[in-house]
Amino acid sequence: MRRVRIGVIVLVILVLTAGCLGGTQSETPGSATSTPTATVVSGSPTPTPDPTPGETDTDEWMSTERAAEIPDGDKVVSVENRWNRSVEIRIRVVREATNETVYDETATFEPGADREVYSLADADPDGIESFRVIATARNTTESVTVETNTCYGNVYVEITDDGELYPYYAIC
C-alpha cells in the first residue's frame, strides 16, 4: 500500500512538472537560456523605422508647418444666433492684400438661425491669401483674419446666449 502511495505521489509530481522538464529553451525574458536571434532572409526589404510621434508616412496627417504652406480657399463664413432675440448682423469680408471688400451683406438673423453666408472660394484667392471677416451687430464691431491654407478652418460669427458678438475660426 505504501508503494502505491509513493507511485501516485511520483506520478503527480511528474505530471505537474512535465512542462518544466521539456527540452526547449526558456522564453522568460532575461533568463540565461533565452537568446533571441535574428533571421536574415535574402531579398527581404529593409525595415523602416516607425515615424516620429505626431508624424506619419502618409498624406493623411501632416504637420501644421506643412499645412500652413498648402493653399485651400474653401473656407465658409457661417452666422449663428444663439440669443433669444432677432439680431441684425452686417458681415464684410476684406481681402487684406488689396483692402478690397469681396463681400458685404446685412441681414436679420432670427433666434436659432444658423447658416452659411459666404465662401472665400467665391473671392477666387490666388494661392494663400489673408481675409479679414468683420462682423457688426448690436453697436459692436469685431473681426478675425484667416488665411486660405489648409491650417485654417471655417469662420464662425456667433451671437452668444447672452447677446454678445463673437467671431472666431477653426485652426489646426
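Here's a quick rundown of the structure. (Residues numbered from 1 in each chain as written. Predicted model: local features only at pLDDT ≥ 70, side-chain atom pairs only at ≥ 80, totals over all residues. Heavy atoms only, no water.)

Once that is clear, we can look at the nonpolar core. Core analysis: the largest hydrophobic core is formed by 26 residues, its most contacted members being Val 77, Ile 89, Ile 91, Val 93, Val 117, Tyr 118 and Val 133. Elements supplying a minimum of two residues to this core: β1 (76-81), β2 (87-95), β3 (100-109), β4 (114-119), β5 (130-137), β6 (140-147) and β7 (152-159). Leave out the neighbours within four places in its chain, and Val 117 touches Val 77, Ser 78, Val 79, Ile 91, Tyr 103 and Phe 109. (Core = buried A, V, L, I, M, F, W, Y, C linked by side-chain atoms within 4.5 Å. Buried < 20%, exposed > 50% of the residue type's maximum accessible area, 1.4 Å probe, protein only. Helix = DSSP H or I, 4+ residues; strand = E, 2+ residues; numbered from the N terminus. Contact = heavy atoms within 4.5 Å.)

Pairing in this open sheet of 4 strands is antiparallel, and the strands run β3-β2-β5-β6 from one edge to the other. Edge positions in the sheet fall to β3 and β6, since each has one partner strand and no second. Averaged over neighbouring strand pairs, the angle between their axes works out to 15° when direction is ignored. Here 8 bridges tie β5 to β6, and the two strands are oriented antiparallel to one another. Directly across from Ala 135, in β6, lies its bridge partner Glu 142. (Pairing = 2+ DSSP bridges. Axes fitted to C-alpha atoms, helices over the stretch in contact; angles between N-to-C directions.)

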